[in-house]
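# Coordinate analysis (summary)
If you want the building blocks of each chain, they are given just below.
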Amino acid sequence: MSKIYGLTGGIAAGKSTVLELFKEHGYMVYDADTVARKVVQPASIGLKEIVAEFGDKVLQADGSLNRSKLAAIVFSDELQLQKLNQITRPLIKDEILKIITEVKNSSQTITTIFEIQLLFEGHYQEYFDGVISLYVEPQTQLQRLMKRNKLTEKVAWERINSQMSMNEKKSRADFVIDNSGDLTQLAYEFDKLITQL
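Criteria and cut-off values
Residues numbered from 1 in each chain as written. Predicted model: local features only at pLDDT ≥ 70, side-chain atom pairs only at ≥ 80, totals over all residues. Heavy atoms only, no water. Phe/Tyr/Trp six-rings, centres within 6.5 Å; stacked < 30°, edge-to-face > 60°. Helix = DSSP H or I, 4+ residues; strand = E, 2+ residues; numbered from the N terminus. Axes fitted to C-alpha atoms, helices over the stretch in contact; angles between N-to-C directions. Parallel < 35°, antiparallel > 145°, perpendicular 65-115°, else oblique. Left-handed = near helix turned anticlockwise from the far one by under 90°. Contact = heavy atoms within 4.5 Å. Nonpolar A, V, L, I, M, F, W, Y, C, P; charged D, E, K, R; others polar. Core = buried A, V, L, I, M, F, W, Y, C linked by side-chain atoms within 4.5 Å. Buried < 20%, exposed > 50% of the residue type's maximum accessible area, 1.4 Å probe, protein only. Pairing = 2+ DSSP bridges. Arc of directions from axis to C-beta.

This part takes up the packing of aromatic side chains. This model, assessed by the stated rule, comprises five aromatic pairs. Ring geometry for Tyr 5 versus Phe 175: centroids 6.1 Å apart, planes at 75 degrees, classification edge-to-face. Of the two residues, Tyr 5 sits in strand β1 (residues 4-9) while Phe 175 sits in strand β5 (residues 175-178), which places them 170 residues apart along the sequence. Here Phe 22 and Tyr 27 contribute two aromatic rings whose centre-to-centre distance is 5.0 Å and whose plane-to-plane angle is 80 degrees, an arrangement assigned as edge-to-face.

Now the structure itself:
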């Protein structure tokens, strides 16, 4: 039977980079962001519910979701974020569980990695053979997020604080990769991890 591991970590922890490393090493990879985009495509139930809740100001001219407009609304208001999560999380979870079931029932014996930022928040850990969490020092996380998304310090902290802390994720995970250093250090951490999987 195929093994499937969940990969998580806070915002700007380097999950995409690590997922790419897994792909290069021959692992099958999936990510929740792709699933999240799928459930809010034009004409989807998800997008219709978002527009019903937040109005058509969150739409682009072509009818697709304007992610930055929606992010500006929900990341500065806890209640709005809860409303969005109530719409999207069940749809995302259904899709993710479908993929996990397919992987586990597959005749291929290839180890799969599924990257889910809100893995613990969504209670996905029970569906995996183990959970890998990425850890980054808070100051490093802040600098990376500000640089990557061109955010002010205040907005970056809002996004970081809207999630479970990295220390909490680290303490709940079966495996931890510390990505506070450079790419050489990350490669070392990664190589150490895959000998344990």
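This part is about the packing of helix α1 (residues 15-24) against helix α9 (residues 183-194). Two numbers describe how α1 lies on α9: the axes approach to 11 Å, and their chain directions differ by 55 degrees. Considering the angle they form, α1 stands oblique to α9. Crossing hand, α1 versus α9: right-handed. Contacts between α1 and α9 involve Thr 17, Val 18, Leu 21 and Phe 22 from the former and Leu 183, Leu 186, Phe 190, Leu 193 and Ile 194 from the latter. Within the contact of α1 with α9, the residues separate by chemical class into eight nonpolar, one polar and no charged.

Moving on, we come to the nonpolar core. The biggest cluster of nonpolar side chains holds 29 residues, and the ones touching the most others in it are Ile 50, Leu 70, Ile 96, Phe 114, Ile 116 and Phe 128. Breaking this core down by element, the ones donating at least two residues are α2 (32-38), α3 (45-54), α4 (67-74) and α5 (78-105). Here this core gets eight residues from one element, more than from any other, and that element is α5. If we skip the residues at most four places from it in the chain, Phe 114 touches Ile 4, Tyr 5, Gly 6, Leu 7, Tyr 30, Asp 31, Ala 32, Val 35, Ile 96, Ile 99, Ile 100 and Phe 128. In terms of nonpolar packing, the next biggest core, distinct from the first, is built from 20 residues, Val 29, Met 166, Ile 177 and Phe 190 among them.

The next thing to look at is the pairing of strand β3 (residues 112-115). Taking every second residue as pointing to the same face, both faces of β3 are buried, with Thr 112 and Phe 114 on one and Ile 113 and Glu 115 on the other. The pairing of strand β2 (residues 28-31) with β3 spans four bridges and is parallel. Its bridge partner being in β3, Val 29 is matched across the sheet by Ile 113.

Our focus in this paragraph is α3. Here α3 has its buried residues at Gly 46, Leu 47, Ile 50 and Phe 54. Down the axis of α3, the buried side of the element spans an arc of 95 degrees, and every buried residue falls inside it. Exposed side chains of α3 directed beyond 90 degrees from the buried face belong to Ile 45, Lys 48 and Ala 52. Packing partners of the buried residues in α3 comprise α4 and α5. Where α3 terminates, the next one or two residues include Gly 55, which has phi positive at roughly 85 degrees.

The next subject is the pairing of strand β4 (residues 130-135). For a regular strand, side chains alternate in direction, first toward one face of the sheet and then toward the other. A large share of β4 lies buried, amounting to six of its six residues. Of the two faces of β4, the one holding Gly 130, Ile 132 and Leu 134 and the one holding Val 131, Ser 133 and Tyr 135 are both buried throughout. Alignment of β1 against β4, held across five bridges, turns out to be parallel. Residue pairing for β4: Tyr 5 is matched across the bridge by Gly 130.

This part takes up unusual backbone geometry. Phi is positive for His 123, which is not a glycine, with a value near 55 degrees. With respect to the element layout, His 123 can be found in the loop between β3 and β4. Relative accessible area serves as the criterion here: at 48%, His 123 is assigned to the partly exposed category.

Here we take up the sheet that holds β4. Read from one edge of the open sheet, five strands run β2-β3-β1-β4-β5, paired in parallel fashion. Looking at the sheet topology across the chains shown, the edges are occupied by β2 and β5. Going across the sheet, the axis of each strand differs from the next one's by a mean of 25 degrees, ignoring polarity. Pairing of β1 with β3 involves four bridges; the strand directions are parallel. Note that in β3 the partner of Ile 4 across the bridge is Thr 112. The strands touched by α5 are β1, β2 and β3; relative to β3, the strand with the most contacts, the crossing angle is about 175 degrees.

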